[in-house]
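Here are the chains, one letter per residue:
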Amino acid sequence: MPGETTLAAGLTRSRRQRVGAALCALSLLFVLSGCMSADQQVAFNWLKWSRAERGLPELMWNRAAQDRAQAWADHLAAVGDLSHSDLHATLAATGARAAAENVGVGPSVEAVHQGLLGSPPHLANLVGPYTHVGVGVARNGDRVFVVQLFLTL
């Protein structure tokens, strides 16, 4: 084609650039998909869908919030009971201006999320003016512990 240079590998420069861009996108997808477990991805998707359904902006995923939420979910599953983490420590560790947390337990990620939607204080966190989120999910037998950690950075 006019304006294209054939490279030694037999690919034109424009095709090589397209292939390179596609490989970069796939690599990024691979890296990002490794950031969340399947359960965390389901919890994150439910949260995104619930906000979108209400016309709210999407929350940005945050690695620090994710790590703290997962650590707390692991703790809850280990002790087999629900409690909230220390949000003052979360504020200090993340530099966030505001933080809120939802914790729940049930037979599935979806069941926990639906329970949180049905609770006015938890729904207020979910639809609150936060900018970032991390989710943690841990299992103990047939019980699923979910932590949603909301931040305003």
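Use the structure listed above.
All values reported here derive from a predicted model rather than from experimental measurement. In every chain, residue numbers begin from 1 and rise along the written sequence. Local features in a predicted model are, by the rule used here, given only for residues with pLDDT of at least 70; side-chain atom pairs are given and counted only at 80 or more, and totals for whole chains, interfaces and linings are based on all residues. The basis for the side-chain values is all heavy atoms of the structure; hydrogens and waters are excluded.

A. Geometry of the packing of aromatic side chains. Any two of the Phe, Tyr and Trp rings considered here, Trp counted by its six-membered ring, make a pair once their centres fall within 6.5 Å; the pair's planes then place it as stacked at under 30 degrees, edge-to-face at over 60, or tilted in between. Across all of its chains, the model carries 2 aromatic pairs by this definition. Ring plane angle 90 degrees and centroid distance 5.8 Å describe the contact between W46 and W49, whose orientation is recorded as edge-to-face. With W46 and W49 both in helix α2 (residues 38-53), this residue pair falls 3 residues apart, about one helical turn. The secondary structure listing takes helices from DSSP runs of H or I that are at least 4 residues long and strands from runs of E that are at least 2 residues long, numbered from the N terminus.

B. Spatial organisation of the sheet that holds strand β4 (residues 143-152). Two strands pair under a simple rule: DSSP has to find at least two bridges between them. Taken in spatial order, the 4 strands of this open sheet run β1-β3-β4-β2, and their pairing is mixed. Looking at the sheet topology across the chains shown, the edges are occupied by β1 (60-61) and β2 (98-106). Judged from the 9 bridges that link them, strand β3 (residues 132-140) and β4 form a sheet pairing that is antiparallel. Bridge pairing in β4 places G136 opposite V147. Note on contacts: a residue pair is in contact if any heavy atoms of the two residues lie within 4.5 Å. Simply put, an axis is a line fit to the C-alpha atoms, just over the touching stretch for a helix, and the angle between two N-to-C directions goes from 0 to 180 degrees. In the packing of α2 onto the sheet, the strands contacted are β1, β3 and β4, and the crossing angle to β3 comes to about 135 degrees.

C. A look at α2. Here a helix's expected span is defined as the number of its residues, less one, multiplied by 1.5 Å. Between its terminal C-alpha atoms α2 stretches 22 Å, which fits the 22 Å expected from 16 residues at 1.5 Å a residue. Any residue under 20% of the maximum accessible area for its type is buried, any over 50% is exposed, and the rest in between are partly exposed; the area is computed with a 1.4 Å probe on protein chains only. All of the buried residues in α2 are Q40, A43, F44, L47, S50 and R51. Projected onto a plane normal to the axis of α2, the buried residues spread over an arc of 125 degrees and lie on a single side. Within α2, the exposed residues directed more than 90 degrees away from the buried face are A38 and A52. Buried residues belonging to α2 abut β1, α3 (63-79), α5 (109-117), α6 (120-126), β3 and β4. Positive backbone phi, at 75 degrees, marks G55, one or two positions downstream of α2. What the arc describes is the spread of directions from the helix axis to the C-beta atoms.

D. Local environment of the pairing of β4. In terms of residue burial, β4 counts as a mostly covered element, since 9 of its 10 residues are buried. When β2 meets β4, the two strands line up antiparallel, connected through 9 bridges. Bridge pairing links V105 to F145 in β4. Between β3 and β4, which follow one another and run antiparallel, lie 2 residues, and G141 among them has a positive phi close to 65 degrees.

E. Just the pattern of salt bridges, in detail. Each salt bridge in this description consists of a side-chain nitrogen of Lys or Arg and a carboxyl oxygen of Asp or Glu lying within 4 Å of one another. If you walk through the whole model with that rule in mind, you get 4 salt bridges. R139 is paired through a salt bridge with D39; the nearest N and O atoms lie 2.8 Å apart. One end of the pair, R139, is in strand β3; the other, D39, is in helix α2, and 100 residues separate them in sequence. R63 serves as the salt-bridge partner of D67, at 3.6 Å between the closest nitrogen and oxygen. With a gap of 4 residues between them, D67 and R63 both fall in helix α3, about one helical turn apart. Assessed through its relative accessible area of 43%, D67 is described here as partly exposed. Residue classification places R63 among the partly exposed residues on the basis of a relative accessible area of 43%.

F. Up close: α5. Among the residues of α5, V109, V112, H113, L116 and L117 are the ones counted as buried. Projected down its long axis, α5 carries its buried residues within an arc of 140 degrees, all on one side. On its buried face, α5 is in contact with α2, β2, α6, β3 and β4.

G. View of the environment of P121. Here P121 lies in helix α6. For P121, a relative accessible area of 54% gives the class exposed. Distance from P121 to N102, taken between C-alpha atoms, is 8.9 Å for residues 19 residues apart in sequence.

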